[in-house]
Amino acid sequence: KGLAVAIEAVGVLRSEYGIPARLLVIGPEDAPHGEEMRRLAERLDVTAAVSWRGQATPEQAAAELARAHALIVPSVWEEPFPLVTIEAALARVPIAASDVGGISEGMHDEEHALLFPRGDAHAAASALARILREPEQTAARVERAHERAQQFRLGPYLEEQERFVGDAFAAAPRPGAGDH
């Protein structure tokens, strides 16, 4: 869903920003796509900077996320609302993400995350460089994202849904009312 953008961003971070970035790729892998991504890393001379971990348990993924300096969500399709952004915010990991679909509804640009245009590896690298080079601003953004993510915990989410349904029910016209 955009891994090529992340791989290209690593190349840009290394070549144009002088940042020895590394990319950790976790998740199930389609063999042909994985080979294509490995060839891309090779062409960009970042093979040694990309670690392919494959499928991980939730505990393994959480442990890796907790050690990350940043999370990149390089989606190139209309993400409905990726939970990984909430997981990163709860883990207090800075977020750089494509500005597509519901990503910006959950994590607002500059306030909670740094968003970049779909498919733009240079803008992704710029966002990641800012995360790494602006520690005070990044720390403030991470805290705001953590606070924002609290709204998406199950308890508050269900309470909000219950209020919404109650308000909708109260506002709905009643059959027979005003039919005279």
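The preceding data block contains the structure.
Here the structure is a predicted model, which is why all the values come from computation and not from measurement. (Residues numbered from 1 in each chain as written. Predicted model: local features only at pLDDT ≥ 70, side-chain atom pairs only at ≥ 80, totals over all residues. Heavy atoms only, no water.)

## Some remarks on helix α1 (residues 3-16)
Right, on to step 1. Taking 1.5 Å of rise per residue, the 14 residues of α1 would be expected to cover 20 Å, and the 20 Å separating its terminal C-alpha atoms lies within 8% of that figure.
Right, on to step 2. By the burial criterion, the buried members of α1 are Leu 3, Val 5, Ala 6, Ile 7, Ala 9, Val 10, Gly 11, Val 12 and Leu 13.
Right, on to step 3. The inward-facing, buried residues of α1 contact β1 (23-26), α2 (31-43), β2 (50-54), β3 (71-73), β5 (114-116) and α6 (121-133).
Right, on to step 4. Where α1 ends, the next residue or the one after it, Gly 18, has phi of about 65°, a positive value. (Helix = DSSP H or I, 4+ residues; strand = E, 2+ residues; numbered from the N terminus. Expected span 1.5 Å × (residues − 1). Buried < 20%, exposed > 50% of the residue type's maximum accessible area, 1.4 Å probe, protein only. Contact = heavy atoms within 4.5 Å.)

## Re the pairing of β2
Right, on to step 1. Where β1 and β2 come together, 4 bridges link them in parallel fashion. Considered in β2, the bridge of Leu 23 is made with Val 50.
Right, on to step 2. A crossover links β1 with its parallel partner β2, the connecting element being α2, and its sense is right-handed. (Pairing = 2+ DSSP bridges. Right-handed = clockwise from strand over helix to strand, strands pointing away.)

## Re the pairing of strand β4 (residues 95-98)
Right, on to step 1. Side chains of β4 alternate between two faces, with Ile 95 and Ala 97 and Ala 96 and Ser 98 buried alike.
Right, on to step 2. The pairing of β3 with β4 spans 3 bridges and is parallel. Paired with Leu 71 across the strands is Ile 95, a residue of β4.
Right, on to step 3. Running through helix α4 (residues 83-90), the crossover from β3 to the neighbouring parallel element β4 is right-handed.
Right, on to step 4. Here 3 bridges tie β4 to β5, and the two strands are oriented parallel to one another. Opposite Ala 97, over in β5, you have Leu 115 as the bridge partner.

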